[in-house]
Every structure is written in C-alpha cells, then in structure tokens.
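Each chain is listed here by its residues.
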Amino acid sequence: MPNTILILIVLALGVIGFVLGRQRAMASAGGNSRNLHSLPSYYGYNVACATTLPAMGLLILWLLVQPLIINSSVSGLVSDQASEEGASLDLIMSDVRRVADGLDTAVETGVLTEEEVEALDAEQDDIRDLLAGVGFALGSDVTPSTLEAAKSYRAMNEVGDTWKSVFVIATALTGLLVSWRMTNKDFRARNVVEQGVLAILIFAASIAILTTLGIVLSLIFNTMEFFRLYPASEFFFGLSWNPSFSGRGGGSELGILPLLWGTLYISLIALIVAVPIGLFAAIYLSEYASKPVRSVAKPLLEVLAGIPTIVYGLFALLTVGPLLVEVFGQKGFLGVDWMSGGTAVMTAGLVMGIMLIPFVSSLSDDIINAVPQSMRDGSLGLGATHSETVRQVILPAALPGIVGAILLAASRAIGETMIVVLGAGAAARLSMNPFEAMTTVTAKIVSQLTGDSDFSSPEALVAFALGITLFVITLGLNIFALYIVRKYREQYE
Amino acid sequence: MTDTTVTPVSAKPAKSILEIDARTKKRNAAEKRFKAYGIAAICVGLFFLVALLWAIIQNGTPAFTQTYVTLDVELLEEKLDKTGERDIEAIKKVSTFGYKPLIQNALVDATEGMETEIEDKNLAKLLSDSAAAQIRDYVIANPDQIGETVEFTVLASSRVDGYLKGRVTREDLARDKNLSPDHLDLIDQMVEDGSVERIFNWAFITGADASEKRPESAGIGVSMIGSFFMMLVVLILALPIGVAASIYLEEFAPQNRFTDLIEVNISNLAAVPSIVFGILGLAVFIQFAHLPQSAPIVGGLTLTLMTLPTIVISTRASLKAVPPSIRDAALGVGASKMQTVFHHVLPLAMPGILTGTIIGLAQALGETAPLLLIGMVGFIASNYPEGVASGFLDPNSAMPAQIYEWAKRADPAYYERAWGGIIVLLVFLLTMNIIAIILRRRFERRW
Amino acid sequence: MEDLAYMDRQMSTEQDIKISAKNVQVYYADNHAIKDVNVDIADKTVTAFIGPSGCGKSTFLRCINRMNDTIDVCRVEGAIKIDGEDIYDKRVDPVQLRAKVGMVFQKPNPFPKSIYDNVAYGPRIHGLAKNRAELDDIVEKALRRGAIWDEVKDRLDAPGTGLSGGQQQRLCIARAVATEPQVLLMDEPCSALDPIATAQVEELIDELRQNYSVVIVTHSMQQAARVSQKTAFFHLGNLVEYDDTDKIFTNPEDERTESYISGRIG
C-alpha cells in the first residue's frame, strides 16, 4: 500500500475518532456540555490525536528502519561479489536498488508480470535492455548476483510494506478504541490534549538539536572514513594540495594548510576593508549623523547585507577582477605587472570586504548605542570635543563589543563560499602575494563534492574533513564572540 | 579642608572664552578630520553599493532584449513531406537538419540586393541553431501549412545579438570561425531593412536553460519554478516548526539544561556557514535517505534547516513584544496557558512572525552554496516539471544555482544572462522585502 | 553658627556677579521650555535651583555650559554672560567654555577607566600638564578637593566603576574640578545616592564654595536650604522668585513659591 494512501487512511480514522469522541462525551454528559470537564471538541481532539499520532510515529519509524534492515541483509548477498571485483559495496547496492526500482516500474506498467520477474535470469535475458525500455538506464550489465539481490530486495520490501500497513492501521484503531473508551464527562480532555500539543512544541524545538547532531554526525562519520583512507597527520600538516583526478587510487596530496592559508589571507583582506569602513560608518551614524541622514544612509548600507552572495561572486569575477587587472596587471594603469588573472586573493578579499561592511557597521552601531548617554555627557561636560569623547571614552567602553563584532565578521568571512568559488581562483598555494590566485576551504569543499556521486574515494571524503575543520573554526569564533558580546551587554544593563 | 584653602584656584589669569586658543584650534581640526573619516566611510560604503547596482544594471539589462530575424520561409513540400500525404509520423521523421536548406533559401531571399561576399551556405551562421527546431515544431503542429510561405521570427545567433548590443566587435571576430566581419556588414544592412530587430526577451524570463553553444535561447524560467518549489517546501516546513519551537521556548520552556541546550544550538546554527548545511543535506538526505539528487525537495529541506534559526529568532522577538498584560488578562478569565497563547498571543504576534518568515525566505531564495552540494548545478534545466509531484521530485535547478552555472560557462554571452538572472532574482528579493516592510508598517503596534 | 551663615550671605551679596542671564528663552522643537529668565549668579556662592519636576531648572542649568547644544531640537535665545562675555556668541567654542564651566551629573558617570585616568582625562585633553609629575600633582589635588583622596590613594589604578555610588559621585566631582573650572554646575548630584553619601557630597559642596561659583539643581528643598546661599524657584519654565535662601524658605514673596515650600504644589 503506498504511503500516501496509508496516511490518508490514518487521517480518516482520526476524523472518525474526533466525531465519535465528541459524541461519547456529550452522551455521557447527558447532552449538556456544562456537565463536561472540558469543551466537547477537546474530547474529539483527544481521540483524534490518540488515533493519528502513534500511528504516524510508527510509520515514520518504520520508514527509517526498514531500509536499514533490508540494506544490511541484502548487502550480505552481494558482499562476495564486492570483494571479488574490488568495487565498493555502496556502488553495487545502488545498482541493486536501481534494478529493483526498474523491476517495480516494469510490473506497474505491465511490461512484466510478477511471475515473469521471478523467472528472470541474468544469463539469458538482457535485463539492461528490458529496463531501458521502461525508462531505467543502467550503467552496466546486470550480474546474476545483482539480479538475485534485487529480487530478494523486492521481496523483502513487499513483506515489509504489508506488515507496515497492518501495524500502522492496527495502531490507529487501537488508539481510537482505547481513547474512545476512556472518554466520559469527568475525563480531563483539555489537559491531555494540551499535554500532546506541548509535546509537539517540544519536538519542534528539538529540531535545532537534531540539526546540530545531524551536522556533527555526518561530518564525523565521513571524516573518520576519510582518515581510514588517508593519514590524518598528512591532512592537517601537509603543505601541498594536489588531488588526483582519476578518482581512484593514490597519488593525491590532500594537505589542508594551503587551503587554510588562502582562507585566512582572504578573510584578512576582507576585514582590512570592512572593519575601518564599517566602524567609521557606525561611529558617524550613531554619533554625528542627523536623523534624516541616518534614516537614509543606514538602510542603504544594509541593502549590501541583503544582496545574495552569488551576486557578489559575479561582481568579483566579472567586474572587480578585470578592473584590478587593469590597474595592477601587466599592461595596467600602474604598469607594475603584479597580477596576471582576474581571480586573486585581492579580488575575493575586496568584494568580501564590501559584503561585510554592513555586518560590521550595524553590529558596531548597536554596540556604540549601548554605551550609556551619561558617558557622553560626562566627557562633553568636561570640555572634550565629540571626537575625543568617541575615541577616548566611547570606543574603549565599547571595545569588547566591537571585538566580538569583528570576530563574528571573521567567522562570516571564513565560511563564505560563493565569492571565493568565483573570485579567488582554484589553485592551492602558500604564497604571500595577494594578487595571486589562491583557494579556500569552502571552495574546495564545493569542487570536491560536485559532479561526482561516489563518496567512497578519499578525494571526495576529504571534503567532509574540510567541512568539520570549517565547522569547528567558525563555531569556536562564534561562541567566543557571542560570549564577549553578552558579557559586554551585561555590563551596561 | 586645609588643602583647599592653601592652594588658591585660578592662579593664572582667566582666559577670555571669546578668543579661541591654539590648542583648541588644533583640537577642532582633529574633530573635523575625524568627522570627515566618518563621512568618507559612509560615502565609500554607498559608492560600493552604487558600483554594484550599476554593474548589475549595466551588464544585466541587455539580457532582457534579444535580436530576432524575421524571415519568410517557404515550407517546401519535397523537403518536408515527400509523400504528400501529410502523415504526421513521416513529417516528424524529418530532422532539424532537413530544415537547414529552407532557412538558407529564406536568408538568401531576405538578403537579396544587399552587398555581401558571404557564400550562401554560410548565411545560416547569422541564426541560432534553435531556428530550425522552431520551424520544425511549427510544421509538426500545422502540417497543413506545408507548401505555403510562412513568416517566422527566429533568434539570431548570440554573436549577432552581441554585436547589436555592443558586446562583440569586428576585432573580436577576426579569430572567430563562427562569424566573420562580413556577416556584421550584412547585419547592418538587415537592421536598416527592418528584418533584424531587438525586441523584449520574454523567452529569457519564462524559458528553459540551453546547451553551452546556444546562449541566445537560454532562459531562467525553469529554474524559477525550481526555486518556487523549494520556497514552498521551506514555507510549509519552516513556518510551523519555527513558530512551534518559538512558542515553546518563549512561553513554556522551564529554565533548565535542556532549554539552554536548545537556545545555544539555535544561536549557533544561525551562524554556521551555509555550505555546512549543504554538507548536511548531502549526507543526510541524499547519502543516507536516498532522496533524488538535484530535486527541489532536497534543496527545500536543506534550506529549511538553514532558515529555521532566522525564523525562530524573529518569531521569539515578536512573541516577546506582546505585553504580559494580554496574557494576564486571558489567564485571569480562566483560560489555560495553551489557550492564552493560541487565542491571544499568537494572533497578536502574527504580523511580526510573517515579516520574519518573509525575510528568512528571501535569504533562502538567494542562497547558493548548499545547492551546489546537493547537485542543483551542472544540470541543464531544460524541461518544465509536468506536475506538482514532479515539481518537487524531478531534478531541477534554482535561480541562484542557474546564475552560477551561467557564470562558469566560457561564452561572454552567458555572462550577460547571469547578470540578467541576477536582476530577476533581485526583483524577487526586493518584492519580498517590500512586502515585509509594508506588513510591518501596516500592522506595527506600539504597546 | 547662625552668625557665620549670616556673614556668608552678607559676603555673597557683596561679591561679583559671575553669571548673568538676560531674557533667556529655550525651546524644544515647539515646546517653550524656559520663558524669559533673568538671573544674576554671584561668584563663590552656592546657588540652588528648585522647583517641581519639568519646571525647566535642569534645562536652564544645561544652558550655562551649552550642554543643550548636543540636543538637536533645542534652541536657546537671549544672553547668558559669564564674566561679561556672552557664551552664545558665535566666536565662542563650547569646548573651551565647558573647560571653564564644569558639570556634575545626576547619575555618577565615571568612565570605564582607572580612577587616575578618570581624573586625568580633563587635564589631558585640555593640555593642562606639561609632564607626568605635573599631572600626578593635578590629579592628587583634584582628588583631595573632591574629598576622596584618602579613600582611593592606594588604588588609583583600580577602575572608577568599582567604587560605591557616593565615591563615584565624589570622583566625578574631582574629575570636574581637575580642569580648574570657575563655575561648577551640579544637576541633582545626590538624587542617586543614599543619605550618608548625600551628606558627604553636601559637605563637599559647601567646601567647594570657597573657590567656585556653584550652581546646584535639586528637587529636595531641605538640601537647597542646607547647602545654598541663594535660591531660585522655577515653575512651568518661569523663574518665579530668586533671593537669599533663608528669605525664600521663611518669607517668600510669591504665593506659588509659598505653596511649593509648604508642599501644596509640586
């Protein structure tokens, strides 16, 4: 039974439960809702929830667990073949699934009957051709063991699906019956329903934890897989990044240091651009600007923050890069020949700096505004000029907050992807020249994970190790920055 | 006490405040400089904004016009339907290659009387490869027109288009084997003649992506639909989950470790680089759950997780803005805590929640990096989804991913498309933000 | 004791006029906050401004060192002269004026710096000390005059924000005194302090009178009676009555003053 129909049946039972629960409550109260503990509809909701929620939960659980069980037992069937051919189990399993899906479609469209499927023989029938006929193109011919595995995969799925339908509907009916029987006029339906709603709310709030958990687990498992294939020490201390493109076999040098260097160098340039501009803009806006100027300039600057990063990437690649070459290139305006191509650390850093200006300025603006007015009055009352007040009283007072803001901006810069993918170039280098192309951790995550669906080679898995490094660095910076900012705010509360 | 009497104050003669002393002058100059730095910083920031917008508009607007050639094509029966039976299957057998001679004849007719040294067989280089397909589609739809002469408006090739837009110059063509300067002379004459013109390019906004060689017919329409389905997923999932999570944290959560854990998680997730969410999407939805690659539903799920913290943060702020007196009033007449929240607090906070949601959606709409990892690039989005289900499940692209794809292609004609795509994207973002601002203005409540 | 106080008052009336305000009007946007105030304030005297909240006493005080300049919508008309020089003259730089007219605020507002740096801040920006030794000297003198030297002399490097409320306020007074002003404006300096700290600060104000012209805004009539020689009563932006303090408190001429003193309005 397809899942959609199963869900519809459960929901229909829920609706029936609502009506029945309400009726029973009203009946037990002698038709007068004043005799009930709760409003009549709460009794209905109670039965409806008891019917649907456990059944849905079971369904979700079943959908998660069944593939795991079937996968592990089917992969036992093909593991011999995997070791013979040296192919990865993942690849063979995906073949198996594809063949099974193809056979399903063939049965659905009436090309084959179930009996014919059972009778299929990889040696005699051209299964690849058969499945291509129903729209499933296979990469290679189907081996007998793959076909057998696919057949048992289908059979197990079928059994599983049947039991799933039976169990889910039985759970729904049990829930309906039990809660219906519990319904009487003294039953505290509202409290029970509200407990249920609260549980849903708690579950929604926990999704944040599940997301973090998902990130951490997916990064850790794949990284461990990577370190099984590639030594961790070489990854963390290797000075060269040079993945082989064959995809299989050694020869790849996967040292993170050149990437980290590129990341930090670009972020540094971005901060050198963004921090002075953003900070002075914030000082001007919060200390000097008249109301009309502020109400125009602040939102305009913040427009820069709302522009998607792909736009900045394109701006770097097609506008800023060529412009910089015209200034610093061989035939350039300065005639210095420092820059040979448009993609460079400088290009990406400059554009990233532009992107970070509003980030630094609005955070600093908030922080400067949090310095109490009495400080300003005290300093001005002593005959200090406005700029002396800002430099000697307000900035020192706001310093921790501003440092926090800069750290947050740095974490943004380190995690930024599109600008560096388009603007920084692809070559990993350990160089001091800012006009050379370099690459970053994020750019390499993208290039190692796009285009290839095989996640078993070290060249692909390295992206997860890069990802965990990135995650740890940005998380550390964020936690530290938020801690500083919070401490700072508490000081003036 | 004694100190104060011993040292008399103002030992030096009182200075007149009407005369500004040298030190004050210096200090005032420093003040002016400092203020100038501030103004300069604002100006630099605004200059960058203007430069960015100027680059977008300057480079992107040409994508909204496209050069078309109007041709009278004689649909020769002996080429298209040799049997003369108008059998649709037979007509379908004629490939686009079979239409080439017809186009060539039409071009020869159209350029009759114009000065050119181009051989007849090279004339077709003026047109897009899609011209033949367009005529073929027409013939298949209207087989009765075979034998007639029909007027077609077909796409010019991207180089001709680039020439009329000033992107391609005669010098560029010296090394180009696809088009020669002679072609351009001919184009000049055809423009005067009126058979070549630039008109508004609806195909760019509604159309599908095209292969590397045919930038003139590439459009952003299909990826727009991809983005739409993704945003639908984000809206359906992120809004209820985000609101539920915020209600719990703001109204019910006790002060304990678990609540702290959630809070810390949310504030950190808001700052996690978007590419990490891409890795999560790849590992969980594709590697683990085997959802189809490149499908909008995967993109939507990934962006949902990314947008949730934004929505939770803004929702909590608007819940917090509802004054406690409202809660007290409801609790005071005997409503339960749950009823108070759902009947009174939530409706009052709704405008703020919607504003936050729209802004979160706008953020998700422009996000590119996670989409690269779940395979929404490198794929030519050439087909419209057939229905709602295939809209969610079939491989598609999304607007920002499509722009990235175009930016990577070597042909400068695609750069123009990329900038044009950015204009379309920004129009969407602008609209969403304006709606958010209007919502906020319209329903803003001061307590 | 009474004789002494009497002599003080006699002296003060004979003394020079330090500040003289003529027809002062203050507007906050459209709101007419100060209406036509005329007042002459003597040197080496404590003058108290009293009146109900919102009567304009603080606004007027802030006019005397042009702190109102920092508020965009505020407009001042009329003339305020210090030593015969109009402080609203175009040639006057408020920065220089404020060095001459110090101010102490309602809430103690030490800077988040060390005690030493708090006091040295004014002398440093005005360039009053040629070297470190001179600066040390100025700081010590100011702290002594602020009657807080003995309490902080061992921890000059400690942050000023770590002191108690009363100490903070005395530190702020020392800070204001360090720039050697001639006039000291105090805007309800004791309103955030407990009674003991208040008593200390009041004692200090009485001492400061020997060197400065002190103008103090207070909403406590008892405080005005305790520390001041002259009192001005403000009501709804008008200066209702200005006279010797004991006259105001014992025998006011205007019935509004009497109502306020006796607690019927305010």
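Sequence positions are assigned chain by chain, starting from 1 and proceeding in written order. Lettering for chains starts from A, numbering for ligands starts from 1, and both go in the order in which the items are written. In keeping with the model being predicted, local features are shown solely for residues with a pLDDT of at least 70 and side-chain atom pairs are shown and tallied solely at 80 or more, while totals for entire chains, interfaces and linings include all residues. Values reported for side chains reflect all heavy atoms of the structure, with hydrogen atoms and water molecules removed beforehand.

### Points about the packing of aromatic side chains
Inference 1: The rule is short: rings of Phe, Tyr and Trp, with Trp giving its six-membered ring, pair when the centres are within 6.5 Å, and they are stacked under 30 degrees, edge-to-face over 60, tilted in between. Inspection of every chain in the model, using the stated rule, returns 31 aromatic pairs over all chains.
Inference 2: For the ring pair Phe328(A) and Phe435(A), a centre distance of 4.6 Å and an interplane angle of 40° mean the geometry is tilted. Of the two residues, Phe328(A) sits in helix α11 (residues 309-328) while Phe435(A) sits in the loop between α15 (418-423) and α16 (441-449), which places them 107 residues apart along the sequence. Side by side, Phe328(A) and Phe435(A) carry an identical accessibility label, which is buried.
Inference 3: Geometrically, the ring pair formed by Phe111(C) and Tyr121(C) is edge-to-face, given 4.9 Å between the ring centres and 70° between the ring planes. With a gap of ten residues between them, Phe111(C) in the loop between β6 (101-104) and α4 (115-126) and Tyr121(C) in helix α4 connect regions that are remote in the sequence. For the pair formed by Phe111(C) and Tyr121(C), the shared burial category is buried. Helix numbering and strand numbering both begin at the N terminus, where a helix is a DSSP run of H or I of at least 4 residues and a strand a DSSP run of E of at least 2. In this scheme, a residue with accessible area under 20% of its type's maximum is buried, one over 50% is exposed, and one in between is partly exposed, where area comes from a 1.4 Å probe on protein chains only.

### Here's the deal with the pairing of strand β4 (residues 74-82) of chain C
All names here are of chain C.
Inference 1: Paired strands are those between which DSSP finds at least two bridges. Two strands pair when backbone bridges link them, and strand β1 (residues 17-28) and β4 are joined in this way by eight bridges, in the antiparallel orientation. Directly across from Ala21, in β4, lies its bridge partner Ile80.
Inference 2: Two strands pair when backbone bridges link them, and β4 and strand β5 (residues 85-86) are joined in this way by two bridges, in the antiparallel orientation. Looking at β5, one finds that Lys81 is bridged to Asp86.
Inference 3: From the end of β4 to the start of β5, which pair antiparallel, there are two residues, and Asp83 there has a positive phi angle of about 50°.

### Quick notes on the pattern of salt bridges
Opposite charge on two side chains allows them to pair when their charged atoms are near.
Inference 1: The rule for a salt bridge is simple: a side-chain nitrogen of Lys or Arg has to be within 4 Å of a carboxyl oxygen of Asp or Glu. Enumeration over the complete set of coordinates arrives at 36 salt bridges over all chains.
Inference 2: Note that Asp136(C) and Arg132(C) form a salt bridge whose closest N and O atoms lie 3.4 Å from each other. Linking Asp136(C) with Arg132(C), this pair stays in helix α5 (residues 132-145), spanning four residues, or about one helical turn.
Inference 3: By relative accessible area, which is 32% here, Asp136(C) ends up partly exposed.
Inference 4: Take Arg132(C): its relative accessible area is 51%, and that puts it in the exposed class.
Inference 5: Among the salt bridges present, the one from Asp254(C) reaches Arg256(C), with a minimum N-O distance of 3.2 Å.
Inference 6: Arg256(C) gets classed as partly exposed once you look at its relative accessible area, which sits at 34%.
Inference 7: A single salt-bridge network, built from bridges that share partners, covers Arg294(A), Lys298(A), Glu302(A) and Asp365(A).

### Looking at the sheet that holds β4(C)
All names here are of chain C.
Inference 1: Strand order in this open sheet of four strands is β2-β1-β4-β5, and the pairing throughout is antiparallel. Both outer strands of the open sheet, β2 (31-42) and β5, are each paired with one neighbouring strand and no more.
Inference 2: Whether two residues are in contact is decided by their heavy atoms: any pair within 4.5 Å suffices. Interaxial angles span 0 to 180 degrees and are taken between N-to-C directions of axes, which are lines fitted to C-alpha atoms, for helices over the stretch in contact. Packing against the sheet, helix α2 (residues 57-64) makes contact with β1, β2 and β4, and its axis sits at approximately 120° to β1.

### A word on the UniProt feature "domain: ABC transporter" (unreviewed entry) in chain C
Inference 1: UniProt positions are given in the numbering used here, feature names are shortened, and annotations may be inferred rather than shown by experiment. As recorded in UniProt, the sites labelled "domain: ABC transporter" (unreviewed entry) are residues 19-261 of chain C.
Inference 2: What you have in residues 19-261 of chain C is 38% helix and 27% strand, and the ends, taken at the C-alpha atoms, are 26 Å apart.

### A word on the environment of Val150(B)
Residue and element names in this part refer to chain B.
Inference 1: You can see Val150 is positioned in strand β2 (residues 149-155).
Inference 2: The class for Val150 is buried, based on a relative accessible area of 11%.
Inference 3: For the pair Val150 and Leu425, spaced 275 residues apart in the sequence, the C-alpha separation amounts to 37 Å.
Inference 4: Those residues in contact with Val150 that sit more than four places away from it in its chain are Leu71, Asp72, Val73, Leu75, Tyr138 and Gln145.

### A look at the nonpolar core
Inference 1: Tyr312(A), Ile445(A), Leu466(A), Met186(C) and Leu208(C) are the most contacted members of the largest nonpolar core, which has 220 residues in total.
Inference 2: The leading source of residues in this core is helix α9 (residues 257-288) of chain A, at 17 residues.
Inference 3: With residues near it in sequence (within four places) discarded, Leu466(A) still touches Phe235(A), Trp241(A), Ile256(A), Leu259(A), Val441(A), Lys444(A) and Ile445(A).
Inference 4: Among buried residues, those of type Ala, Val, Leu, Ile, Met, Phe, Trp, Tyr and Cys that are joined through side-chain atoms within 4.5 Å constitute a nonpolar core. Membership of the second largest hydrophobic core comes to 38 residues, among which are Leu71(B), Ala131(B), Ile146(B) and Val196(B).

### So, a negative patch on the surface
Inference 1: Without a salt bridge and with relative accessible area above 30%, a residue can belong to a patch; like charges are then joined within 9 Å and nonpolar side chains (Val, Leu, Ile, Met, Phe, Trp, Tyr) within 5 Å. All accessible areas in this document rest on Shrake-Rupley with a 1.4 Å probe, and a residue is counted as covered only by the protein chains that are shown. Charge counting treats Lys and Arg as positive and Asp and Glu as negative, with His and both chain ends excluded. Charged side chains are reduced to one point each, which is NZ for Lys, CZ for Arg, CG for Asp and CD for Glu. On the surface, Asp72(B), Glu74(B), Glu78(B), Asp109(B), Glu112(B) and Glu151(B) cluster together into a negatively charged patch.
Inference 2: For Asp109(B), the position within the fold is in helix α5 (residues 96-110).

### Some remarks on the side chain of Thr440(A)
Residues and elements named next belong to chain A.
Inference 1: Topologically, Thr440 is positioned in the loop between α15 and α16.
Inference 2: Pairing of N or O atoms within 3.5 Å defines a polar contact, subject to two protein rules: one partner must be a possible hydrogen donor and the other a possible acceptor, and residues neighboring in sequence count only if both atoms are side-chain atoms. A polar contact is formed between the side chain of Thr440 and the side chain of Thr442, at a distance of 3.1 Å.
Inference 3: At 3.2 Å, the side chain of Thr440 and the backbone nitrogen of Ala443 are in polar contact.

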